[in-house]
Amino acid sequence: MRSDFRAFCADALADIQAQGRYRRFTPLAKQAARFPYYRRPDGREVLVWSANDYLGMGNHNVVIEAACEAARAMGAGAGGTRNIGGTSPAHVALEAELAALHAKPAALLFTSGFVSNQAALATILNSRPAGPERPWHVFSDEKNHASMIAGIKGARGIVCHIFRHNDLAHLETLLAAAPADAPKLIAFESVYSMDADIAPLPGLCDLAERFGAMTYLDEVHAVGMYGAHGGGVSERDGVAHRIDLIEGTLAKAFGCHGGYVAGDATVIDYIRSAAPGFIFTTSLPPMIAAAALASLRHVRATPALRSTLFERAGALKARLAAAGLPVIPSVSHIVPVHVGEAARCFAISERLLAEFGMYATPINYPTVPRGQERLRLTPTPLHTDAMMDQLVAALSTILLPARAA
Ligand SMILES: *Cc1c(COP(=O)(O)O)cnc(C)c1O
């Protein structure tokens, strides 16, 4: 090991620690039969308020049984890339079901949502549809997830424009200033999970059509939850047919693992044939593909899951507000509670765990701007009124006296 590099690492870590944003993991074992209760290594139970298993599907019997059955039949790992023995019938069926979810001709699986964004965007943007000397102009929302940024940064020689978050007027200005004949792509999310807001999808589609731009939508925090069948905000807003590529995850509302993109069959076939992040990696374990397929089918067919999710989120927002707690208004299923300072955000989360047996993730810079540090709560259909009363009482004890002082 080079000593200068090790010293560099130590300095960088000290810096992160001094800024109060050193990441400490909290080991918690999920209890499938008692979700949202987890268990600490010492055996104590913890009520978790920050899982991205938004519908609790990772703990649903239908999903667990599908995983166990597939593991017994096909083993644990895929044993190869998609091209080398790693395409099980479950992978094929899952891709068909995902395409149907978004009313698209085709879909392609990746080993995570991160990889799907990184691989799909880099592959698209490294292409030169208008000739070798005409690179893509990409228009990226300033709050886009790190995985989309990784994909954009992985493209050589492109021109990247960052538009202000959900700001259609700013995007229009940038589009109008770009060369009319340049290939253009607009990349955005639907539900932004840290801000808990939702993009104006119809307006984004209007601009894309006016300026001849392709649209790339990350629906990671919306699939399974928004739209009549869980097709995301693009389904809810009736614009899925105007979005060229829809990206999603199987790891959040579907409770399993993996990512995907859905869109035009030729474009999906090109990504399948050109993206190193798709080609040169072992495919998802067949048991995960089977579990995700069972979850997807159940979620698509069960609108009550979605109505209960939003009823529960509304109930928690109302209870927090009624208690005078600083809940940040949100139009999504995500419930942020304002704290405003990194060290305090950590301390509150730690106290909630140590004294009250509940866990809520502190969200700090650089995930949100400094001054906007918050606890991020994600109530699921399995969070009861009694659990909410318990949380509101604990947060009142922790937050309200400190604010008065
Ligand atoms: C979590 C997340 C991803 C990555 O999905 P994984 O399946 O967890 O890798 C992509 N985009 C957004 C907006 C996310 O929050």
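Starting afresh in each chain, residues are numbered from 1 along the sequence in its written order. Reporting in this predicted model follows two pLDDT cut-offs: at least 70 for local features of residues, and 80 or more for side-chain atom pairs to be given and counted; totals over whole chains, interfaces and linings ignore these cut-offs and use all residues. Hydrogens are left out, water is left out, and the side-chain values use all remaining heavy atoms of the structure.

Topic: the overall build of the protein
So, step 1. Helix and strand assignments come from DSSP, with helices taken as H or I runs of at least 4 residues and strands as E runs of at least 2, each series counted from the N terminus. For the protein, the count of helices and strands is 14 helices and 16 strands.
So, step 2. Scaling as 2.2 N^0.38, a compact globule of 405 residues should have a C-alpha radius of gyration of about 22 Å, and the protein matches this with 22 Å.
So, step 3. When the backbone C-alpha atoms are referred to their principal axes, the protein occupies close to 65 × 55 × 55 Å.
So, step 4. Accessible surface is estimated by sampling points in the Shrake-Rupley manner with a 1.4 Å probe; for residues, cover comes only from the protein chains shown. Approximately 17,300 Å² of the protein is accessible, and the part contributed by carbon and sulfur atoms is 58%.
So, step 5. For the protein, the centre of its 37 positive side-chain charges and the centre of its 36 negative side-chain charges are spaced 4 Å apart. Based on C-alpha atoms, the radius of gyration is set beside the globule rule, defined as 2.2 Å times the residue count to the power 0.38. Under the convention used here, Asp and Glu are negative, Lys and Arg are positive, and both His and the chain ends fall outside the count. Here the site of a charge means NZ on Lys, CZ on Arg, CG on Asp, or CD on Glu.

Thoughts on the sheet that holds strand 6 (residues 159-163)
So, step 1. Pairing between two strands is assigned when DSSP locates at least 2 bridges connecting them. Read from one edge to the other, the open sheet built from seven strands follows the order 4-12-11-10-7-5-6, with strand pairing classed as mixed. The outermost strands of the open sheet, each flanked by one partner alone, are strand 4 (106-110) and strand 6. When strand polarity is set aside, the average angle formed by the axes of neighbouring strands in this sheet is 20°.
So, step 2. With six bridges joining them, strand 7 (residues 184-189) and strand 10 (residues 213-218) adopt parallel strand pairing. Its bridge partner being in strand 10, E189 is matched across the sheet by D218.
So, step 3. Sheet strands in contact with helix 5 (residues 146-153) are strand 5 (137-141), strand 6, strand 7 and strand 10, and its direction is about 160° off that of strand 7.
So, step 4. Contacts: residue pairs with any heavy atoms within 4.5 Å of one another. Fitting a line to C-alpha atoms yields each axis, with helices limited to the stretch in contact; the angle taken between N-to-C directions then spans 0 to 180 degrees. Its contacts with the sheet put helix 7 (residues 201-210) on strand 6, strand 7 and strand 10, and the angle it makes with strand 7 is roughly 175°.

Quick look at the state of the cysteines
So, step 1. When the sulfur atoms of two cysteines come within 2.5 Å, that pair is taken as a disulfide. A full pass over the atoms with the stated rule returns zero disulfides.
So, step 2. C160 takes part in no disulfide bond, and the closest cysteine sulfur to it belongs to C205, at a distance of 20 Å.
So, step 3. Free cysteine C256: the closest other cysteine sulfur is in C68, separated by 12 Å.
So, step 4. Burial classes: relative accessible area under 20% of the type maximum marks a residue as buried, over 50% as exposed, and values in between as partly exposed (1.4 Å probe, protein chains only). C256 sits in the buried class, given a relative accessible area of 16%.

Focus: the site of the ligand
So, step 1. Near, as used in this document, describes a residue that has one of its heavy atoms within 4 Å of the molecule or strand being considered. What surrounds the ligand is a group of 13 residues, the closest being G113, D218, H221, T249 and K252.
So, step 2. Look at the ligand: alone it shows 380 Å² of surface, and the protein chains cover 84% of it.
So, step 3. With three residues, the single largest contributor to the shell around the ligand is helix 4 (residues 113-125).
So, step 4. Basically, the charged four are Asp, Glu, Lys and Arg, the nonpolar ten are Ala, Val, Leu, Ile, Met, Phe, Trp, Tyr, Cys and Pro, and anything else, Gly included, counts as polar. In terms of residue class, the shell around the ligand is built from three nonpolar, seven polar and three charged.

Here's the deal with the nonpolar core
So, step 1. Put simply, buried Ala, Val, Leu, Ile, Met, Phe, Trp, Tyr and Cys residues joined by side-chain atoms within 4.5 Å make one nonpolar core. The biggest cluster of nonpolar side chains holds 60 residues, and the ones touching the most others in it are L94 and I186.
So, step 2. Once residues lying within four places of it in the same chain are set aside, the contact partners of I186 are F139, F163, L171, L175, L204, A208, A213, M214, T215 and Y216.
So, step 3. Of all hydrophobic cores here, the second largest spans 26 residues; its members include L316, I348, L377 and M388.

Description of the packing of helix 4 against helix 9 (residues 265-274)
So, step 1. Axis separation between helix 4 and helix 9 bottoms out at 10 Å; the angle between their running directions is 100°. Classed by the angle they form, the pair helix 4 and helix 9 counts as roughly perpendicular. Contacts between helix 4 and helix 9 involve A120, T123 and I124 on the former and, on the latter, Y270, I271 and A274.
So, step 2. Grouping the constituent residues of the contact of helix 4 with helix 9 by class yields five nonpolar, one polar and no charged. Angle categories: roughly parallel below 35 degrees, roughly antiparallel above 145, roughly perpendicular from 65 to 115, and oblique for all the rest.

Considerations on the side chain of S190
So, step 1. Checked against the element boundaries, S190 lands in the loop between strand 7 and strand 8 (191-192).
So, step 2. With relative accessibility at 0%, the residue S190 sits in the buried group.

A word on the packing of aromatic side chains
Centre-to-centre distance and the angle between the planes together describe a pair of aromatic rings.
So, step 1. Pairing of aromatic rings covers Phe, Tyr and Trp, the last through its six-membered ring, and needs centres within 6.5 Å; plane angles under 30 degrees mean stacked, over 60 mean edge-to-face, and all others mean tilted. This model, assessed by the stated rule, comprises four aromatic pairs.
So, step 2. Relative to F278, the ring of F110 lies with its centre 5.7 Å away and its plane at 75°, an arrangement referred to as edge-to-face. In this pair, F110 is assigned in strand 4 and F278 in helix 10 (residues 276-279), connecting sequence segments 168 residues apart.
So, step 3. Ring centres of Y226 and F310 lie 5.0 Å apart, and the angle between their planes is 80°; on these two criteria the pair is classed as edge-to-face. Residue Y226 is located in the loop between strand 10 and helix 8 (233-236), and its partner F310 is located in helix 12 (residues 303-322); the two are separated by 84 residues in the primary sequence.
So, step 4. On the basis of relative accessibility, which here comes to 3%, the residue Y226 falls in the buried class.
So, step 5. Above the ring of Y37, the side-chain terminus of R34 is found at 4.9 Å from the ring centroid.
So, step 6. Directly above the ring of Y365 sits R370, whose terminal nitrogen or CZ lies 3.8 Å from the centroid. The rule is short: NZ of Lys or CZ of Arg within 6 Å of the ring centre and within 35 degrees of the ring normal puts a charge over the ring.

Regarding the confidence of the model for the protein
Interpretation of this model should avoid reading the predicted coordinates in detail wherever pLDDT is low.
So, step 1. What pLDDT reports is the predictor's confidence in each residue, on a scale of 0 through 100. Per-residue confidence for the protein gives a mean pLDDT of 96, with 99% of residues at or over 70.
So, step 2. Per-element mean pLDDT across the protein ranges from 89 in helix 14 (residues 385-404) up to 99 in strand 12 (residues 259-263).

Description of the sheet that holds strand 2 (residues 37-39)
Picture the strands of a sheet paired through backbone hydrogen bonds; they go either parallel or antiparallel.
So, step 1. Reading across from one edge, 1-2-3-14 is the order of the four strands in this open sheet, with mixed pairing throughout. Two strands in the sheet have a free side with no partner beyond their single neighbour: strand 1 (29-30) and strand 14 (358-359).
So, step 2. In this structure, strand 1 lies alongside strand 2, joined through two bridges in antiparallel fashion. When the bridges of strand 2 are listed, A29 appears paired with R39.

A closer look at the pairing of strand 3 (residues 45-48)
So, step 1. As judged from the three bridges shared by strand 2 and strand 3, these two strands associate in the antiparallel manner. Following the sheet pairing, Y37 is matched in strand 3 by L47.
So, step 2. Taken together, strand 2 and the strand that follows it, strand 3, pair antiparallel across an intervening segment of five residues, in which G43 is found at a positive phi of about 100°.
So, step 3. The sheet contact formed by strand 3 and strand 14 spans two bridges and is parallel. Considered in strand 14, the bridge of V48 is made with Y359.

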